[in-house]
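Structural description and commentary
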Amino acid sequence: MAGLRERKKEQTRSAIQREALRLIAAADYDVTTCEQIAAAAGVSPATLFRYFATKEDIVLADGYDPMIAAAVIARPSRETPLTAVRRGFADSLAAVYATDLEVIRQRTALVLSVPALRARSREQLDSLVSYLADALAERTGLPRTAVEIEVAASACAAAIGVAVTRWAGSGGSLPEHVDEALAGLRALTTAGR
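About the cut-offs
- Residues numbered from 1 in each chain as written.
- Predicted model: local features only at pLDDT ≥ 70, side-chain atom pairs only at ≥ 80, totals over all residues.
- Heavy atoms only, no water.
- Helix = DSSP H or I, 4+ residues; strand = E, 2+ residues; numbered from the N terminus.
- Rg over C-alpha atoms; globule rule 2.2 N^0.38 Å.
- Buried < 20%, exposed > 50% of the residue type's maximum accessible area, 1.4 Å probe, protein only.
- Contact = heavy atoms within 4.5 Å.
- Areas by Shrake-Rupley, 256 points an atom, 1.4 Å probe, with all protein chains shown as cover.
- Lys, Arg positive; Asp, Glu negative; His and termini not counted.
- Charge placed at Lys NZ, Arg CZ, Asp CG, Glu CD.
- Axes fitted to C-alpha atoms, helices over the stretch in contact; angles between N-to-C directions.
- Parallel < 35°, antiparallel > 145°, perpendicular 65-115°, else oblique.
- Left-handed = near helix turned anticlockwise from the far one by under 90°.
- Nonpolar A, V, L, I, M, F, W, Y, C, P; charged D, E, K, R; others polar.
- Salt bridge = Lys/Arg side-chain N within 4 Å of Asp/Glu carboxyl O.
- Phe/Tyr/Trp six-rings, centres within 6.5 Å; stacked < 30°, edge-to-face > 60°.
- Lys NZ or Arg CZ within 6 Å of the ring centre and 35° of its normal.
- Core = buried A, V, L, I, M, F, W, Y, C linked by side-chain atoms within 4.5 Å.

1. Some remarks on the overall build of the chain
For the chain, the helix and strand inventory stands at nine helices and zero strands. Against the compact-globule benchmark of 16 Å for 193 residues, the chain has a radius of gyration of 18 Å, which places it among compact chains. Along the first, second and third principal axes, the C-alpha atoms of the chain reach 60 × 40 × 30 Å. For the chain, buried positions account for 37% of its 193 residues. Contacts in the chain between residues at least 24 apart in sequence constitute 63% of all its contacts with a sequence separation of at least 6. Put simply, the chain shows about 10,700 Å² of open surface, and 56% of that area lies on carbon and sulfur atoms. Averaging the locations of the 23 positively and 23 negatively charged side chains of the chain gives two centres separated by 3 Å.

2. A word on the packing of helix α5 (residues 64–74) against helix α6 (residues 81–113)
One can describe the packing of α5 onto α6 by two numbers: an axis separation of 7 Å at closest approach and a directional angle of 155°. One way to sum up the angle between α5 and α6 is to call them roughly antiparallel. Judged by the sense of rotation from one axis to the other, the crossing of α5 with α6 is right-handed. Side by side, α5 and α6 meet where Tyr64, Met67, Ile68, Ala71 and Val72 of the first sit next to Ala84, Val85, Gly88, Phe89, Ser92, Val96, Asp100, Ile104 and Arg107 of the second. Its residues assigned to classes, the contact of α5 with α6 shows 10 nonpolar, two polar and two charged.

3. Brief notes about the pattern of salt bridges
All told, the structure shown has 10 salt bridges when counted by the stated rule. Where Asp62 meets Arg107, a salt bridge forms, and the shortest distance between an N and an O atom there is 3.0 Å. Taken together, the residues span a long stretch of sequence, with Asp62 in the loop between α4 (55–60) and α5 and Arg107 in helix α6 at a distance of 45 residues. The shortest N-O distance in the salt bridge between Glu102 and Arg105 comes to 3.8 Å. Note that Glu102 and Arg105 are positioned in helix α6 at a spacing of three residues, about one turn of the helix.

4. Concerning the packing of aromatic side chains
Tallying each qualifying case throughout the model produces zero aromatic pairs. Over the face of the ring belonging to Tyr29 we find Lys55, whose NZ or CZ atom lies 4.3 Å from the ring centre.

5. Overview of the side chain of Asp57
In this structure, Asp57 sits in helix α4. Leave out the neighbours within four places in its chain, and Asp57 touches Phe52 and Arg120.

6. Structural notes on the packing of helix α1 (residues 4–26) against helix α2 (residues 34–41)
Relative orientation of the contacting elements α1 and α2 amounts to 120°, with a least axis distance of 8 Å. Considered as vectors, α1 and α2 are oriented oblique to each other. Once α1 is placed against α2, the crossing between them reads as right-handed. Only Gln36, Ile37, Ala40 and Ala41 of α2 make contact with α1, whose side of the interface consists of Ala15, Ile16, Glu19, Ala20, Arg22 and Leu23. Class assignment of the residues belonging to the contact of α1 with α2 gives a composition of seven nonpolar, one polar and two charged.

7. Concerning the side chain of Thr32
For Thr32, the position within the fold is in the loop between α1 and α2. Using a relative accessible area of 3% as the deciding quantity, one classes Thr32 as buried. With sequence-adjacent residues up to four places away left out, Thr32 is seen in contact with Leu23, Ile24, Ala27, Ile37 and Lys55.

8. Focus: the nonpolar core
Burial of nonpolar side chains together is a common tendency in soluble globular proteins. Counting 32 residues, the largest nonpolar core has Leu132, Val178 and Leu182 as its most contacted members. Of all the secondary-structure elements, those providing two or more residues to this core are α5, α6, α7 (115–140), α8 (147–170) and α9 (174–190). For this core, the element with the most residues is α8, which contributes eight residues. Ignoring sequence-local partners within four residues, the contact set of Leu132 consists of Ile68, Val72, Val85, Ala153, Cys156 and Ala157. Counting residues in each nonpolar core, the second largest holds 11 residues, with Ile16, Ala20, Leu23 and Ala38 among its members.

Okay, here's the thing in structure tokens:
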């Protein structure tokens, strides 16, 4: 159970992000300043920058990657690596989808419409690749730097990126889009066998 200090930190972090998304929706990403976000969240600019290094980070930071990796590692050992990623991601997404859906929707729309966020989101994708590679290495016993691990982690992260983009464009259920994308990746790797 998280201590009081950790809960207060998470509340402050959430308040900053919530107010940033509200202000950006009311005005525009480019004209919304970090000072305005800090004031709306009831914190100083210095406090804001202790939580988020940049304005892009305020929109993009979510803390999901460690949760996804832990869910992949926790899957039964009899599952193939791709199945573990698919089901681990489904487990993780189910945990946040109901409570964070609107935030995920807002963040995704911003990433797709703001060039600075789109560029920065590629770095976030690199973070997911890194966490997935760690999880897959732990599951398989292969070295973290093995080409199979790096390729699998990159392919899974790319499939998830495609799913999020398709969801943003067509709506529907994000978990279903993610599951379809990861199933498609698995189907392609076993085609012709």
